[in-house]
Amino acid sequence: MRVFVAGGTGALGQRLVPQLVARGHQVTATTTRPSKLGLLERLGAEAVVMDGLDAVSVGAAVANARADTIVHQMTAISVAHAGKPDMKHMDQWFAGTNRLRTEGTDNLLAAADATGVANFVAQSYGAWNGIREGGWVKTEQDPVDPMTGAPAEPGMKAISHVEDVVVKAGGAVLRYGWFYGPGANDDLVEPVRKRQFPVVGGGDGYCSWVHLDDAAAATVLAVEQGAQGTFNIVDDQPAPANQWLPYLAACAGAKKPMRIPSWLARPIAGEVAVSMMTEGRGFSNLKAKRELGWVLRYPSWQQGFKEVLA
């Protein structure tokens, strides 16, 4: 199968491209930077420079690839693109990614339509952002939380746009949990080691995790099966912050995280961080396991954190 991976040099793209190649697929992968073409070639892909926000650039790249499947993994949340992670100002931190999830998604879907590509797989997000009502663990039938009035609201609108237009076009949306693994650890572990990542309030808010290699494996299955609809791509163990954060600190060789009340955290870390730590909802992976036949190498963040940070 000819697979076009938009966003091949991201943390997930770099794990996905080799898995697709190993399964015998012919991969064309994109980057925004000419300096990264060699990286994609070493991973086994035909490498092209593409601007996901330029409809002409996207249309030409997709047409030249003669793809059977398009995989949308474009984001702009790396330090190089967006600066250091900043949940207090998430609207600014995610501004580029939000455009890629709206304008970029529309550009890729238009290119797919113009070239007759019927199979489309797109990245979404499902870690702590399930709708904040009812139980702590959400299925694909539950929407993401709109985070109305918070700095995360534009990001949640962008995610909803991806899910709406891709599913309507007959494609698959993969709600990935919080990534960890090669290329995804530093931004998480550094503040934990510096004791800059406290447990807020009771730390009762849930989160779902997924190792990058497991996320890539699920994506390969979605590509090969021509999957349609929404799938939560998370591990088996959604957990509250008061469990996963101290464990992560221990695995990283850090001191136990501090605990601070919500009223103190709000002006320092922002409303989004407080909501995540106190009210967040995780996600269930039962549908992905059942319908895609997905088997996780790291079914628990406990196993994964221990191995990755050893």
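Relevant structure appears above.
How each quantity is defined
Residue positions are given per chain, counted from 1 along the sequence in the order it is written. In keeping with the model being predicted, local features are shown solely for residues with a pLDDT of at least 70 and side-chain atom pairs are shown and tallied solely at 80 or more, while totals for entire chains, interfaces and linings include all residues. For side-chain calculations, the full set of non-hydrogen atoms in the structure is used, while hydrogens and water are omitted. Two strands pair under a simple rule: DSSP has to find at least two bridges between them. The secondary structure listing takes helices from DSSP runs of H or I that are at least 4 residues long and strands from runs of E that are at least 2 residues long, numbered from the N terminus. To get an axis, fit a line to the C-alpha atoms, keeping to the stretch in contact for a helix; angles then go from 0 to 180 degrees between the N-to-C directions. Contacts were defined at the residue level, with two residues in contact if any of their heavy atoms lie within 4.5 Å. Only one rule defines a salt bridge in this text: a Lys or Arg side-chain nitrogen within 4 Å of an Asp or Glu carboxyl oxygen. Residue exposure (1.4 Å probe, protein chains only): buried if accessible area is under 20% of the type maximum, exposed if over 50%, otherwise partly exposed. Only centres within 6.5 Å qualify two rings of Phe, Tyr or Trp (six-membered ring in Trp) as a pair; their planes then separate them into stacked at under 30 degrees, edge-to-face at over 60, and tilted for everything else. We call a charge positioned above a ring when the Lys NZ or Arg CZ atom is no farther than 6 Å from the ring centre and deviates by at most 35 degrees from the ring normal. Small angles under 35 degrees read as roughly parallel and large ones over 145 as roughly antiparallel, with 65 to 115 read as roughly perpendicular and the rest as oblique. The handedness criterion is simple: a crossing whose near helix is rotated anticlockwise from the far helix by less than a right angle is left-handed, and one whose near helix is rotated clockwise is right-handed. Under the counting rule used here, the positive set is Lys and Arg, the negative set is Asp and Glu, and His together with the chain ends is not counted. Definition of a polar contact: a pair of N or O atoms within 3.5 Å, with one able to donate and the other able to accept a hydrogen when the atoms are protein atoms, and with sequence-neighbouring residues admitted only if both atoms are side-chain atoms. Take the buried residues of types Ala, Val, Leu, Ile, Met, Phe, Trp, Tyr and Cys, join any two whose side-chain atoms come within 4.5 Å, and each joined set is a nonpolar core. Residue classes follow a fixed rule: Ala, Val, Leu, Ile, Met, Phe, Trp, Tyr, Cys and Pro count as nonpolar, while Asp, Glu, Lys and Arg count as charged, and any other residue, Gly among them, counts as polar. Seen with its strands pointing away from the viewer, a crossover is right-handed if its path from the first strand over the helix to the second goes clockwise.

For this particular structure, what's the right way to read the sheet that holds strand β1 (residues 2-6)?
Read across the sheet, seven strands follow the order β3-β2-β1-β4-β5-β7-β12 without closing on themselves; strand pairing throughout is parallel. Across the chains shown, the open sheet's two edge strands, defined by having one partner strand only, are β3 (46-49) and β12 (229-233). The mean inter-strand angle of the sheet, taken between neighbouring strand axes irrespective of direction, is 20°. Of the strands in this sheet, β1, β2 (26-31) and β4 (69-72) touch helix α1 (residues 13-22), which is tilted by about 165° from β2.

How should the pattern of salt bridges be read in this particular structure?
Pairing of side chains with opposite charge becomes possible as their charged atoms draw close. In the structure shown here, the tally under the stated rule is 12 salt bridges. Ionic pairing is found between R132 and D145, a salt bridge with its closest N-O pair at 3.0 Å. Residue R132 is found in the loop between β5 (119-125) and β6 (137-138), and its partner D145 is found in the loop between β6 and α7 (153-168); the two are separated by 13 residues along the sequence. Accessibility expressed as a relative area gives 6% for D145, which makes it buried. Linking E271 and R266 is a salt bridge whose minimum nitrogen-to-oxygen distance equals 2.8 Å. The class of E271 is partly exposed, set by a relative accessible area of 32%. Linked through salt bridges whose partners overlap, the residues forming this network are R132, D145 and E279.

What should I look at first to understand the packing of aromatic side chains in this one?
Each aromatic ring pair is described using two quantities: the centre-to-centre distance and the angle formed by the ring planes. By the definition in use, this model includes 13 aromatic pairs. Ring geometry for W209 and F305: centres 5.1 Å apart, planes at 85°, overall edge-to-face. Separated by 96 residues along the polypeptide, W209 in strand β11 (residues 209-211) and F305 in helix α14 (residues 301-308) bring together distant segments of the chain. Ring pairing ties together the aromatic residues W178, Y180, F197, W209, W244, Y247, W301 and F305, which thus form one cluster. Here the guanidinium or amino end of R281 rests over the ring plane of W136, the centre of that ring lying 4.4 Å away.

Can you walk me through the packing of helix α3 (residues 55-65) against helix α6 (residues 95-115) in this structure?
Angle between the axes and distance between the axes: these two values describe a pair of packed helices. At a closest axis distance of 9 Å, the pairing of α3 and α6 adopts a crossing angle of 45°. Judged by the inter-axis angle, α3 sits oblique to α6. You can see that α3 and α6 cross each other, and the crossing is right-handed. Residues A55, V58, G59, V62 and A63 of α3 form the contact with α6, whose participating residues are N107, L108, A111 and T115.

What's the story with the side chain of K138 in this structure? I'm lost.
Along the polypeptide, K138 turns up in strand β6. Among buried Asp, Glu, Lys and Arg side chains, K138 stands out as unpaired, with D142 the closest opposite charge at 4.9 Å. Polar contacts involving the side chain of K138 include one to the main-chain carbonyl oxygen of E133, which spans 2.4 Å.

I keep staring at the nonpolar core and nothing clicks. Help me out?
Most often, soluble globular proteins keep nonpolar side chains buried together rather than apart. Grouped together as the largest cluster of nonpolar side chains are 41 residues, with contacts concentrated most on W128, W178, F197, W209 and W244. At the level of elements, α5 (90-93), α7, β8 (178-180), α8 (186-193), β9 (199-200), α10 (241-251), α12 (271-279) and α14 are the ones that each hand at least two residues to this core. Counting residues per element, this core draws most heavily on α10, which supplies six residues. Once residues lying within four places of it in the same chain are set aside, the contact partners of W128 are M87, M90, M147, W178, Y206, C207, V272, M276, G280, R281 and F283. Counting residues in hydrophobic clusters, the runner-up holds 35 residues, among them L12, A45, A184 and A216.

Got a minute to help me understand the packing of α6 against α7 in this structure?
Running from amino to carboxyl end, α6 crosses α7 at an angle of 20°, the nearest separation of the two axes being 7 Å. The angle between α6 and α7 falls in the class roughly parallel. With respect to the hand of their crossing, α6 and α7 are arranged in left-handed fashion. Packed against α6, whose contacting residues are N98, R101, T102, T105, D106 and L109, the element α7 presents P154, G155, A158, I159, H161, V162, V165 and V166 at the interface. When grouped by side-chain class, the residues that make up the contact of α6 with α7 number seven nonpolar, five polar and two charged.

Can you walk me through the pairing of β3 in this structure?
On any regular strand, side chains alternate: one points to one face of the sheet, the next to the other face. Pairing geometry for β2 and β3, over four bridges, is parallel. If you follow T28 over to β3, its bridge partner there is E46. Taking the sense of rotation as the criterion, the β-α-β connection linking β2, helix α2 (residues 37-42) and β3 turns out right-handed.

Any functional reading would require information beyond the geometric quantities listed.
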